[in-house]
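These are the residues of each chain, in order.
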Amino acid sequence: MTRRLLVGQFGKAVEAAFTPYNLVPGPDDPPVLKVMSFEEFLHLQTQEIVRIGSKIVERFEQLFRLYRVARTGDDFCDFKSLALEMAMELFPDFRFKADPDLLELLFPLYGLLANGTCVFDYQLLVTRMADSCFSIKKRPNQSKPGNQLVLLWLLADVEVVQLARKRPRPYSDREAIKKLMGEEPFKARWGGMNAKTLWNWLGAGRASFEHSGQRPVPKIN
């Protein structure tokens, strides 16, 4: 069994910054609603979903080019043709070219409850046959500072650390960053970063939220 592979950025997992499913934060979750309203949070979450979706669409189009399947405007026929080309390469002993209906045998093979009656069935089959091209990594602390959800996590965590100090003066930004890197539960998110990077991200986050009119975490020197 052989497989053509996407290379470069298309051969890597999509990195995504996901926020907690539960907006009432648990002990290890950043309290996002202390930083912004529910509507603002939902807007950022929607932007992230759209961004991931666009990455998946890009990879579909790369696969069409890789397998030299011309787009016709009929998604059902196009994805079925792409699945057929991939199946002939992956399973050369099967007579898919002579009988394309044999593709239906692959749905249970890949654990899909589908029967090939709609375009979504073949989109799922293509993603399973090229699974390495469509994987998603949940690594918010490794994402670029342009991702506002990552900055939101950092702002929220800094606020938690600063307000948790039971003294007249909260922790400074530098003190808070040091705690994020060295103490749980924050260490799991930020322990692999360096202090200068987090300092720069914190500044970028405040600037981003001030520019958009959202409520930033107050700066404490």
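Values in this document were obtained by computation on a predicted structure and should not be read as measured data.

### A look at the overall build of the protein
If you tally the helices and strands in the protein, you get 8 helices and 2 strands. Sequence-ordered secondary structure for the protein, helices as α and strands as β, is β-α-α-α-α-β-α-α-α-α. Burial statistics for the protein: of 221 residues in total, 39% are counted as buried. Considering only contacts within the protein whose residues lie at least 6 apart along the sequence, 61% involve residues at least 24 apart. For the protein, the exposed surface amounts to about 12,600 Å²; the carbon and sulfur share of it is 56%.

### So, the packing of aromatic side chains
Summed over all chains, the structure comprises 6 aromatic pairs. Aromatic side chains Phe94 and Phe96 sit 5.4 Å apart centroid to centroid with 10 degrees between the ring planes, which places their arrangement in the stacked category. Counting every residue linked through ring pairs, the aromatic cluster contains Phe60, Phe64 and Phe79. One residue, Arg174, lies across the ring of Trp199, its end atom 4.0 Å from the ring centre.

### Structural notes on the pattern of salt bridges
Enumeration according to the criterion identifies 4 salt bridges in this entry. The partner of Glu183 in a salt bridge is Lys179, with the nearest N and O atoms 2.8 Å apart.

### Here's the deal with the confidence of the model for the protein
Taken as a whole, the protein shows an average pLDDT of 75; of its residues, 67% reach a score of 70 or greater. Highest mean pLDDT in the protein belongs to helix H2 (residues 75-90) (92); lowest belongs to strand E2 (residues 136-138) (63). Below a pLDDT of 50 lies the segment residues 212-221, which in the model reaches 28 contacts outside its immediate sequence neighbourhood of four places, other chains included.

### Looking at helix H6 (residues 173-182)
All of the buried residues in H6 are Asp173, Ala176, Ile177 and Leu180. Down the axis, H6 shows its buried residues gathered within 100 degrees of arc, on one side only. Residues of H6 that are exposed and angled more than 90 degrees away from the buried face: Arg174 and Lys178.

### Description of the environment of Val160
Within the secondary structure layout, Val160 lies in helix H5 (residues 148-164). Remark: the alpha-carbon pair of Val160 and Ala176, spanning 16 residues in sequence, is separated by 9.1 Å.

### Here we look at the nonpolar core
One broad trend across soluble globular proteins is that nonpolar side chains are buried collectively. Judged by nonpolar contacts, the single largest core of 25 residues is most densely connected at Leu82, Leu103, Leu106, Tyr110, Leu125, Val126 and Met129. Of all the elements in the fold, those that place two or more residues in this core are helix H1 (38-66), H2, helix H3 (106-109) and helix H4 (119-129). A per-element tally of this core places H2 first, with 7 residues. The residues touching Leu103, leaving out its near neighbours within four places in the chain, are Lys80, Ala83, Leu84, Ala87, Phe96, Tyr122 and Leu125. Among the nonpolar cores identified, the runner-up in size contains 17 residues, and Trp153, Ala176, Ile177 and Trp201 belong to it.

### Concerning the packing of H2 against H4
Interaxial distance between H2 and H4 falls to 9 Å at its minimum, and their mutual angle equals 30 degrees. Here H2 is positioned roughly parallel relative to H4, judged by the angle of their axes. Helix-helix and strand crossings are classified by hand; for H2 and H4 the assignment is left-handed. When H2 is examined against H4, the residues Asp75, Phe76, Phe79, Lys80, Leu82, Ala83, Met86, Ala87 and Leu90 are found in contact with a partner set consisting of Val119, Tyr122, Gln123, Leu125, Val126 and Met129. Along the lines of polarity and charge, the residues of the contact of H2 with H4 split into 12 nonpolar, 1 polar and 2 charged.

### Things to note about unusual backbone geometry
Phi is positive for Arg68, close to 55 degrees, though the residue is something other than glycine. Tracing the backbone shows Arg68 in the loop between H1 and H2.

Rules and cut-offs
Within every chain, residues take consecutive numbers counted from 1 along the sequence as written. Owing to the predicted nature of the model, reporting of local features is limited to residues with pLDDT of at least 70; listing and counting of side-chain atom pairs is limited to 80 or more, with chain, interface and lining totals taken over all residues. Where side-chain values are given, they derive from all heavy atoms of the structure, hydrogens and water being excluded. Numbered from the N terminus, helices here are DSSP runs of H or I no shorter than four residues, and strands are runs of E no shorter than two. Burial classification: accessible surface area is computed with a 1.4 Å probe over protein chains only, and a residue below 20% of its type maximum counts as buried, one above 50% as exposed, and the rest as partly exposed. Contacts between residues were defined by any pair of non-hydrogen atoms, one from each residue, lying within 4.5 Å. All accessibility values rest on the Shrake-Rupley procedure with a 1.4 Å probe; residue burial counts only the protein chains present in the view. Note on ring pairs: Phe, Tyr and Trp rings are taken, using the six-membered ring of Trp, and paired if centres are within 6.5 Å. Classes follow the plane angle, with under 30 degrees stacked, over 60 edge-to-face and the rest tilted. A ring is scored as having a charge over it whenever the NZ atom of a lysine or the CZ atom of an arginine sits within 6 Å of its centre and within 35 degrees of its normal. A pairing counts as a salt bridge when a side-chain nitrogen of Lys or Arg comes within 4 Å of a carboxyl oxygen of Asp or Glu. One confidence number per residue, pLDDT, is output by the predictor and ranges from 0 to 100. What the arc measures is the spread of directions leading from the helix axis to the C-beta atoms. What makes a nonpolar core is a set of buried Ala, Val, Leu, Ile, Met, Phe, Trp, Tyr and Cys residues whose side-chain atoms join them at distances within 4.5 Å. For helices, the fitted axis covers only the stretch in contact; all axes are lines through C-alpha atoms, and the angles between them, taken along N-to-C directions, range from 0 to 180 degrees. Just so you know how the angles are binned, under 35 degrees is roughly parallel, over 145 roughly antiparallel, 65 to 115 roughly perpendicular, and the rest oblique. Rotating anticlockwise by less than a right angle from the far helix to the near helix defines a left-handed crossing, while the corresponding clockwise rotation defines a right-handed one. Only Asp, Glu, Lys and Arg are considered charged in this grouping, and only Ala, Val, Leu, Ile, Met, Phe, Trp, Tyr, Cys and Pro are considered nonpolar; every other residue, Gly among them, is considered polar.

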